[in-house]
Amino acid sequence: MLTKRLKADKEGIEQAAKILKKGGIVAIPTETVYGLAASAYDENAVKKVFSAKGRPQDNPLIVHIADIDSLNTIAKDIPDSAYKAAKRFWPGPFTMILKRTEKIPASVSAGLDTVAVRMPSDETAREIIKLSVPLAAPSANTSGKPSPTKAQYVIDDLDGKIDAVVISGVCEVGVESTVITLVTNPPRLLRPGAVTAEELREVFPDIVVDGAVLAEPKKGEKVFSPGMKYKHYAPKTETYLVEGNSEQFVQFVNSKENAAAVCFDDEEGKITLPKLCYGTAVDEATLAHSVFSVLRKADDLGVESIFVHAPSKSGVGLAVYNRLIRAAAFRVIKL
Ligand code: TXA
Ligand code: MG
């Protein structure tokens, strides 16, 4: 299949919408990461998304909407708190899991009776949805790889497997949306993102952070979000997440051979190994913005192991930590 390159202009957006309405699959930019979109009402199109990504059949997709009315078409038994959260966090990097209506085919939700819904803030994404239908869209990467934060990464993974890619700039946030479920009581944070746990508590004072956010789900433990069980975002090179202060980290990595470091910007000059910097420790948003592109570049360093300096777990740092611990297959070194 020839994958069309579309611009994020009026013509490109119209073409993307047309392909989607006809049952095709198109990679689109969002403020978090690029998504691989299909009509959420079209079972056959949704199947194509799973197959292009090589996504496990039991991992449900997020439905993207552009107006609040669509929420009532897609979800039912919606609690008041969901509308409150929508008002506060939409449009933006925030996803809610609610009860699913019949309008959404079961395959979108991998057979669950729930549905994940998000209203993105990216203007291109919103225009495409407005001109077509609500879009089921997972991140536009091959399953297991880091989520794509620019169009080139989508092309690297999916060229020839999808109908089109809408080429826009680098995704501003850089990590996927915050996912919460409102089907459980109390509500649960399943995947941290740019809408932070601290902000969520202002709307959901009793929200609990799911155990899978910071640790590998244990055998037999109930998994609320299927995506959390899979190995994710992983470079081919063996990756370790290293916790400690700057001095400890620099000393630790400088004692290693055949290794590389993923470090904070102000550590660059002190590290003697090959290295990639991913932002400043005190500004977690910079780390979120760069983390996936750094993980994609890590294999090019041609070393045996990669040591990543862990961010703090507060604010957006929790989201970065959550992705890194999976990239490191839960190998954490505490200095
Ligand atoms: O920012 C984002 O959320 C991006 C952009 C494209 O919008 N999308 C994204 O989708 O990250 P994906 O498919 O890569 O991640 C969706 C996550 C998975 O962990 C999945 O298991 C979970 O949300 N999920 C989706 N529907 C669910 C449901 N009904 N119940 C539990 N978890 C669900
Ligand atoms: Mg994904």
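Everything in this summary refers to the structure shown in the same document. Model, not experiment: these values are computed from the prediction. Counting from 1, residues in each chain are numbered in the order their sequence is written. Lettering of chains starts at A and numbering of ligands starts at 1, both following the order in which they are written. Whole-chain, interface and lining totals are the exception, using all residues; otherwise, since this is a predicted model, local features are given only for residues with pLDDT of at least 70 and side-chain atom pairs are given and counted only at 80 or more. Note that the side-chain values use all heavy atoms of the structure and ignore hydrogens as well as water.

Some details on the nonpolar core
Soluble globular proteins tend to bury their nonpolar side chains together.
Phase 1 of the analysis: To qualify as a nonpolar core, a set must consist of buried Ala, Val, Leu, Ile, Met, Phe, Trp, Tyr and Cys residues joined through side-chain atoms within 4.5 Å. The cut-offs for exposure are 20% and 50% of the maximum accessible area for each residue type, with area from a 1.4 Å probe on protein chains only; residues under the lower value are buried, those over the upper are exposed, and the others partly exposed. The biggest cluster of nonpolar side chains holds 51 residues, and the ones touching the most others in it are L36, W90, F94, M96, I180 and L200.
Phase 2 of the analysis: Breaking this core down by element, the ones donating at least two residues are β3 (35-39), α2 (43-53), α3 (68-74), α4 (80-89), β6 (94-100), β7 (114-118), α6 (151-158) and α7 (197-203).
Phase 3 of the analysis: The helix and strand labels rest on DSSP assignments: H or I over at least four residues marks a helix, E over at least two residues marks a strand, and numbering proceeds from the N terminus. It is α2 that provides the largest number of residues to this core, a total of five residues.
Phase 4 of the analysis: By the convention used here, residues are in contact when the closest approach between their heavy atoms is within 4.5 Å. Those residues in contact with I180 that sit more than four places away from it in its chain are F94, T95, M96, I97, R188, L189, L190, L200, F204 and I207.

Observations regarding the packing of helix α9 (residues 284-298) against helix α10 (residues 317-327)
Phase 1 of the analysis: For the pair α9 and α10, the least separation of the axes is 8 Å and the interaxial angle reads 20°. Relative to α10, the element α9 is oriented roughly parallel. In the packing of α9 onto α10, the handedness of the crossing is left-handed. On α10, the residues touching E284, L287, A288, V291, F292 and L295 of α9 are G317, V320, R323, L324 and A327.
Phase 2 of the analysis: The residue inventory of the contact of α9 with α10, partitioned by class, reads eight nonpolar, one polar and two charged. Axis definition: a line fitted to C-alpha atoms, over the contacting stretch in the case of helices. Angles run 0 to 180 degrees between N-to-C directions. Here is the rule for angles: anything less than 35 degrees is roughly parallel, anything more than 145 is roughly antiparallel, 65 through 115 is roughly perpendicular, and the remaining ranges are oblique. Here a crossing is taken to be left-handed if its near helix is turned anticlockwise relative to the far helix by less than a right angle, and right-handed if that turn runs clockwise. Residues are grouped as follows: Ala, Val, Leu, Ile, Met, Phe, Trp, Tyr, Cys and Pro are nonpolar; Asp, Glu, Lys and Arg are charged; all remaining types, including Gly, are polar.

Considerations on the layout of surface pockets
Using a probe with the size of a water molecule, rolled over the atoms, empty space left in the structure can be pinpointed.
Phase 1 of the analysis: Taken as a whole, the second largest pocket encloses approximately 190 Å³ of empty space.
Phase 2 of the analysis: Think of a 1 Å grid over just the protein atoms. A cavity is a set of points where a 1.4 Å probe fits yet cannot get out, a pocket is an open set with protein on both sides within 12 Å along at least five of seven lines, and lining residues have an atom within 4 Å of a point. Taken together, K145, P146, Y153, D156, D157, A234, P235, K236, L295, R296, D299 and D300 make up the lining of the second largest pocket.
Phase 3 of the analysis: For the lining of the second largest pocket, the secondary-structure elements that each account for two or more residues are α6 and α9.
Phase 4 of the analysis: Of all the elements, α6 adds the most residues to the lining of the second largest pocket, at three residues.
Phase 5 of the analysis: Residues belonging to the lining of the second largest pocket are distributed by class as follows: five nonpolar, no polar and seven charged. Grid points are joined across faces, edges and corners, and a volume is the space filled by probe spheres set on the points.

Looking at the sheet that holds strand β15 (residues 275-277)
Phase 1 of the analysis: One open sheet accounts for five strands, arranged β15-β14-β16-β13-β17; its pairing is parallel. The sheet is open, and its two borders are formed by β15 and β17 (332-334), each paired with just one other strand. In this sheet, neighbouring strand axes are inclined to one another by 20° on average, regardless of whether the strands run parallel or antiparallel.
Phase 2 of the analysis: Where strand β14 (residues 259-263) lies against β15, three bridges are found, and the strand directions are parallel. Of the residues in β15, the one forming a bridge with V262 is L276.
Phase 3 of the analysis: Relative to β15, α9 is tilted by about 165°, and along the sheet it contacts β14, β15 and β16 (305-309).
Phase 4 of the analysis: Packed on one face of the sheet, α10 meets β13 (238-243), β16 and β17 and runs near 140° to β13. Following DSSP output, two strands are said to pair if at least two bridges run between them.

Some points on the site of ligand 1
Phase 1 of the analysis: When we say a residue is near a molecule or strand, we mean one of its heavy atoms is within 4 Å of it. Near ligand 1 lie 24 residues; those nearest to it are T32, N59, H64, S177 and G227.
Phase 2 of the analysis: A 3.5 Å cut-off defines polar contacts: any pair of N or O atoms within that distance qualifies, except that in protein one atom must be a possible hydrogen donor and the other a possible acceptor, and neighbouring residues in sequence count only when both atoms are side-chain atoms. Interatomic distance of 2.6 Å between a side-chain N/O atom of N59 and an oxygen atom of ligand 1.
Phase 3 of the analysis: A distance of 3.0 Å is found between an oxygen atom of ligand 1 and a side-chain nitrogen or oxygen belonging to S139.
Phase 4 of the analysis: Burial of ligand 1 by the protein chains amounts to 97% of its free accessible area of 690 Å².
Phase 5 of the analysis: Mapped by element, the contributors of at least two residues to the shell around ligand 1 are β4 (62-64) and β7.
Phase 6 of the analysis: The element contributing the most residues to the shell around ligand 1 is β7, with three residues. The method behind every accessible area is Shrake-Rupley, applied with a 1.4 Å probe, and residues are considered shielded solely by the protein chains displayed.

Everything listed here is a matter of coordinates, which is why it stays silent on function.
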